Amino acid sequence: SNLTLEAFACLAMAYARGGRHDEAIALSSRTLEHRREVFGDTHPDTLGSMYELALIFYWQTGRHDKSIPVLEERLRVCLQSLGDEDPRTLGARRELALWYGQCKRFEESASLFKENLDLQLRVLGEEHPDTLSSMACLAFRYGDLGRHDEAEPLLKRVLEIRTRVLGKEHRDTLRSMQNLAARIYRDQYRFEEALPLFEETLEIARQSFPEGDKLIGIILSNYGSCLILMERYGEAESMLLEAYGILSAAPGVAKINFEQSIERLAILYDRWGKPEKAAEWWSKLLEGTDPRTPTGWNG
């Protein structure tokens, strides 16, 4: 029954989170096979099982070798059976693009996000949350590829729409503000533009959300990384320690955000001439014990 398969899926994820990866893979694969037989290849539960299996493969090795082929097959199934514009196809393409980005296959990631964005603009419209997320993630990939002239107008457009539609205090608008500050201004050493935008974003976030909210931690981490580049090490330390405290405790933090908070503290102490402290944080990063989702929908 559907309830039994749901229980299998939940148990497989519990095994994986507990480090029992072989059992998790066996049970997840069995659940996927049964869901295909009962519901068909493109049922949301079947597609969900494929994503869960990819996630468990990643947790087993910390690499994407086995995960990516599962997600590529998932997209192929959707394209063959549902076509380009079905929401399930759009979702499968988005997830694969995110995972390509995580393993630094930036050209492929950008290509998929561009394809998705063009379809979403036609099917969903410019103001739809999924469209705006794709627009932001495409900008991130352009940034990774050094194509900042293409990334900047996309992030500014996302910010303009979210500010108008959602208001300046909305979580998504604040994410857009800090994305522009970090991904464009900080990364291009445009500190005179970065600092006031970081400051405004942090101030609004502290007023709008409870202490310890993960968004505050992410903003602090990015702001602190900007201060490292400016050699303002004391201020950076204060922000980055607070960011780590938040991101190590808050629920729902993506693996990349958590690991960045550790890496930035290690870099800070390296550049500040404090090698013993740097070594402590590099060691913490290398432990790699944090079983979080490898991708964060960070648009």
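None of these values were measured; they are calculated from a predicted model. (Residues numbered from 1 in each chain as written. Predicted model: local features only at pLDDT ≥ 70, side-chain atom pairs only at ≥ 80, totals over all residues. Heavy atoms only, no water.)

1. Observations concerning the overall build of the protein
And then number 1: In terms of regular secondary structure, the protein is built from 14 helices and 0 strands.
And then number 2: The linear arrangement of helices and strands in the protein, starting from the amino end, is α-α-α-α-α-α-α-α-α-α-α-α-α-α.
And then number 3: In terms of overall size, the protein behaves like a compact globule, its C-alpha atoms giving a radius of gyration of 20 Å where 299 residues would be expected to give roughly 19 Å.
And then number 4: In terms of principal-axis extent, the alpha carbons of the protein reach across some 60 × 45 × 35 Å.
And then number 5: Among the 299 residues that make up the protein, the fraction classed as buried is 49%.
And then number 6: In the protein, the share of contacts with a sequence separation of at least 24, taken over all contacts with a separation of at least 6, comes to 58%.
And then number 7: Summed over all atoms, the accessible surface of the protein reaches about 13900 Å², with 50% contributed by carbon and sulfur.
And then number 8: Counting 38 positive and 48 negative side-chain charges, the protein places the averaged centre of each group 1 Å from the other. (Helix = DSSP H or I, 4+ residues; strand = E, 2+ residues; numbered from the N terminus. Rg over C-alpha atoms; globule rule 2.2 N^0.38 Å. Buried < 20%, exposed > 50% of the residue type's maximum accessible area, 1.4 Å probe, protein only. Contact = heavy atoms within 4.5 Å. Areas by Shrake-Rupley, 256 points an atom, 1.4 Å probe, with all protein chains shown as cover. Lys, Arg positive; Asp, Glu negative; His and termini not counted. Charge placed at Lys NZ, Arg CZ, Asp CG, Glu CD.)

2. What about the packing of aromatic side chains?
And then number 1: One pass over the full model with this rule turns up 8 aromatic pairs.
And then number 2: With 6.0 Å between their ring centres and 40° between their planes, Tyr233 and Trp272 make a pair best called tilted. In this pair, Tyr233 sits in helix H12 (residues 233-247) while Trp272 sits in the loop between helix H13 (255-271) and helix H14 (275-287), placing the two residues 39 residues apart along the sequence.
And then number 3: Stacked on the ring of Phe140, the Lys or Arg Arg183 has its end atom at 3.9 Å from the ring centre.
And then number 4: A cation sits over an aromatic face here: Lys274 above Trp272, 3.8 Å from the ring centre. (Phe/Tyr/Trp six-rings, centres within 6.5 Å; stacked < 30°, edge-to-face > 60°. Lys NZ or Arg CZ within 6 Å of the ring centre and 35° of its normal.)

3. Side note on the side chain of Ser28
And then number 1: Inspection of the secondary structure puts Ser28 in helix H2 (residues 21-39).
And then number 2: Beyond its immediate chain neighbours, meaning those up to four positions away, Ser28 contacts Ala12, Ser49, Glu52, Leu53 and Ile56.

4. Considering H13
And then number 1: Here H13 spans 24 Å end to end across 17 residues, near enough to the 24 Å set by a 1.5 Å rise per residue.
And then number 2: Each element contacted by the buried residues of H13 is listed here: helix H3 (44-61), helix H9 (171-186), helix H11 (214-229), H12 and H14.
And then number 3: Once H13 finishes, Gly273 follows within two positions and takes phi at roughly 80°, a positive value. (Expected span 1.5 Å × (residues − 1).)

5. Focus on the pattern of salt bridges
And then number 1: As enumerated under the stated definition, the model contains 29 salt bridges in all.
And then number 2: Here Lys114 makes a salt bridge to Asp118, at a shortest N to O gap of 2.9 Å. Of this pair, Lys114 and Asp118 both sit in helix H6 (residues 106-123), separated by 4 residues, roughly a single helical turn.
And then number 3: You can call Lys114 partly exposed: its relative accessible area is 35%.
And then number 4: Look at Asp118 and you get partly exposed, because its relative accessible area is 38%.
And then number 5: For the salt bridge of Glu193 with Arg190, the shortest nitrogen-to-oxygen distance reads 2.8 Å.
And then number 6: We classify Glu193 as partly exposed; its relative accessible area is 34%.
And then number 7: Overall, the relative accessible area of 22% leaves Arg190 in the partly exposed class.
And then number 8: Residues joined by salt bridges that share partners form a network here, namely Glu126, Glu127, Arg157, Glu160 and Arg164. (Salt bridge = Lys/Arg side-chain N within 4 Å of Asp/Glu carboxyl O.)

6. Section: the nonpolar core
And then number 1: Among the nonpolar cores identified, the biggest contains 90 residues, and Trp99 and Leu268 are the most heavily contacted of them.
And then number 2: For this core, the element with the highest residue contribution is H3, accounting for 10 residues. (Core = buried A, V, L, I, M, F, W, Y, C linked by side-chain atoms within 4.5 Å.)

7. Observations concerning the state of the cysteines
And then number 1: This model, assessed by the stated rule, comprises 0 disulfides.
And then number 2: With no disulfide of its own, Cys78 lies closest to Cys137 among cysteine sulfurs, the gap being 19 Å.
And then number 3: Relative accessible area serves as the criterion here: at 0%, Cys78 is assigned to the buried category.
And then number 4: The cysteine Cys137 is free of any disulfide, with Cys103 supplying the nearest cysteine sulfur at 15 Å. (Disulfide = S-S within 2.5 Å.)

8. Considering the side chain of Ser134
And then number 1: With respect to the element layout, Ser134 can be found in helix H7 (residues 129-144).
And then number 2: For Ser134, a relative accessible area of 0% corresponds to the buried category.
And then number 3: Engagement of the side chain of Ser134 in a polar contact is seen with the side chain of Gln120, the distance being 2.6 Å. (Polar contact = N/O pair within 3.5 Å; in protein donor to acceptor, adjacent residues only side chain to side chain.)

9. Examining the packing of H9 against helix H10 (residues 191-208)
Pairs of packed helices are described in terms of their axes, by the angle between the two and the distance that separates them.
And then number 1: It is the contact of H9 with H10, at a shortest axis distance of 9 Å, that shows an interaxial angle of 160°. Judged by the inter-axis angle, H9 sits roughly antiparallel to H10. At the point where H9 passes H10, the crossing takes the left-handed sense. Between H9 and H10, the contacting residues are Leu174, Met177, Gln178, Leu180, Ala181, Ala182, Tyr185 and Arg186 on the first element and Phe191, Glu193, Ala194, Leu197, Phe198, Glu200, Thr201, Ile204 and Ala205 on the second.
And then number 2: Here the contact of H9 with H10 is composed, by residue class, of 12 nonpolar, 2 polar and 3 charged. (Axes fitted to C-alpha atoms, helices over the stretch in contact; angles between N-to-C directions. Parallel < 35°, antiparallel > 145°, perpendicular 65-115°, else oblique. Left-handed = near helix turned anticlockwise from the far one by under 90°. Nonpolar A, V, L, I, M, F, W, Y, C, P; charged D, E, K, R; others polar.)

Remember, this is a structural readout, not a statement about activity or role.
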